[in-house]
Amino acid sequence: AASDFIGEKKWAPLEHAVALLREMYHALAALAAPPPPIAAGEDGDDDAGGDADGAALARRARDKAEEMGVLLSLGLMQQLWFEKEPSDRLPQLVRAWAPGNHSRRYLGDLLDLAHGVAKLLDATARRVDGAIREADERADALDDDARAEREKATRLAAEAGGGSDA
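Residues numbered from 1 in each chain as written. Predicted model: local features only at pLDDT ≥ 70, side-chain atom pairs only at ≥ 80, totals over all residues. Heavy atoms only, no water.

Examining the nonpolar core
Nonpolar side chains in soluble globular proteins tend to be buried together.
Here comes step 1: Counting 18 residues, the largest nonpolar core has Leu14, Val18, Tyr25, Leu93, Tyr106, Leu113 and Leu120 as the members making the most contacts within it.
Here comes step 2: Of all the secondary structure elements, the ones that give two or more residues to this core are helix H1 (2-7), helix H2 (11-32), helix H4 (90-96) and helix H5 (104-165).
Here comes step 3: Among residues more than four places away in sequence, those in contact with Leu113 are Val18, Leu21, Arg22, Tyr25, Leu90 and Leu93. (Core = buried A, V, L, I, M, F, W, Y, C linked by side-chain atoms within 4.5 Å. Buried < 20%, exposed > 50% of the residue type's maximum accessible area, 1.4 Å probe, protein only. Helix = DSSP H or I, 4+ residues; strand = E, 2+ residues; numbered from the N terminus. Contact = heavy atoms within 4.5 Å.)

Observations concerning H2
Here comes step 1: For H2, with 22 residues, the first-to-last C-alpha span of 31 Å sits near the 32 Å given by 1.5 Å per residue.
Here comes step 2: Among the residues of H2, those classed as buried are Trp11, Leu14, Val18, Ala19, Leu21, Arg22, Tyr25, Leu28 and Ala32. (Expected span 1.5 Å × (residues − 1).)

Section: a negative patch on the surface
Here comes step 1: There is a patch of like negative charges on the surface, built from Asp136, Glu137, Asp140, Asp143, Asp145 and Glu149.
Here comes step 2: Following the sequence through the fold, Asp136 ends up in helix H5. (Patch = residues over 30% accessible without salt bridge, like charges linked within 9 Å, V, L, I, M, F, W, Y side chains within 5 Å. Areas by Shrake-Rupley, 256 points an atom, 1.4 Å probe, with all protein chains shown as cover. Salt bridge = Lys/Arg side-chain N within 4 Å of Asp/Glu carboxyl O. Lys, Arg positive; Asp, Glu negative; His and termini not counted. Charge placed at Lys NZ, Arg CZ, Asp CG, Glu CD.)

As for the pattern of salt bridges
Here comes step 1: Taken as a whole and judged by the stated rule, the model has six salt bridges.
Here comes step 2: One salt bridge in this structure joins Arg22 and Asp112, with 3.5 Å as the shortest N-O distance. Of the two residues, Arg22 sits in helix H2 while Asp112 sits in helix H5, which places them 90 residues apart along the sequence.
Here comes step 3: The partner of Arg147 in a salt bridge is Asp144, and the shortest N-O contact between them spans 2.9 Å. Of this pair, Arg147 and Asp144 both sit in helix H5, separated by three residues, roughly a single helical turn.
Here comes step 4: Under the relative-accessibility criterion, Asp144 is labelled partly exposed at 41%.
Here comes step 5: Three or more residues joined by partner-sharing salt bridges are found here, namely Arg22, Glu23, Asp109 and Asp112.

In structure tokens form, the structure reads like this:
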């Protein structure tokens, strides 16, 4: 719709569309963000005899919900930015801005939208970098374990071979 409004020079509907797009990006950022930490005593581990099983179940449900929110947000971001024909209209909206055609409110919405997009991309990049770093560390640990097992097997084979010669 934004490209149609720009092509037809319908600035008022474009301003409304940009405000809605800004809200959509704020919702997407909230969906992609990790949840706030659990406050002390809120998880059921307090001294008041909280239900430990219930707290563990609540934590698992919260973790699962966070994981689903992140997966959903990553899917939406894939559609917005990384497809062959991305549906992100921010570059087109910035190019179409002209001081005499748009209100200050529209400019504020456009700047807030650009800031939200940059912040969301940065947070996603940091999260992906962290996941890659964790995967590398796990792979290194597995390599170390495999190397230790090979050395142990080689040593045991040498001991078994050396003991049968005597």
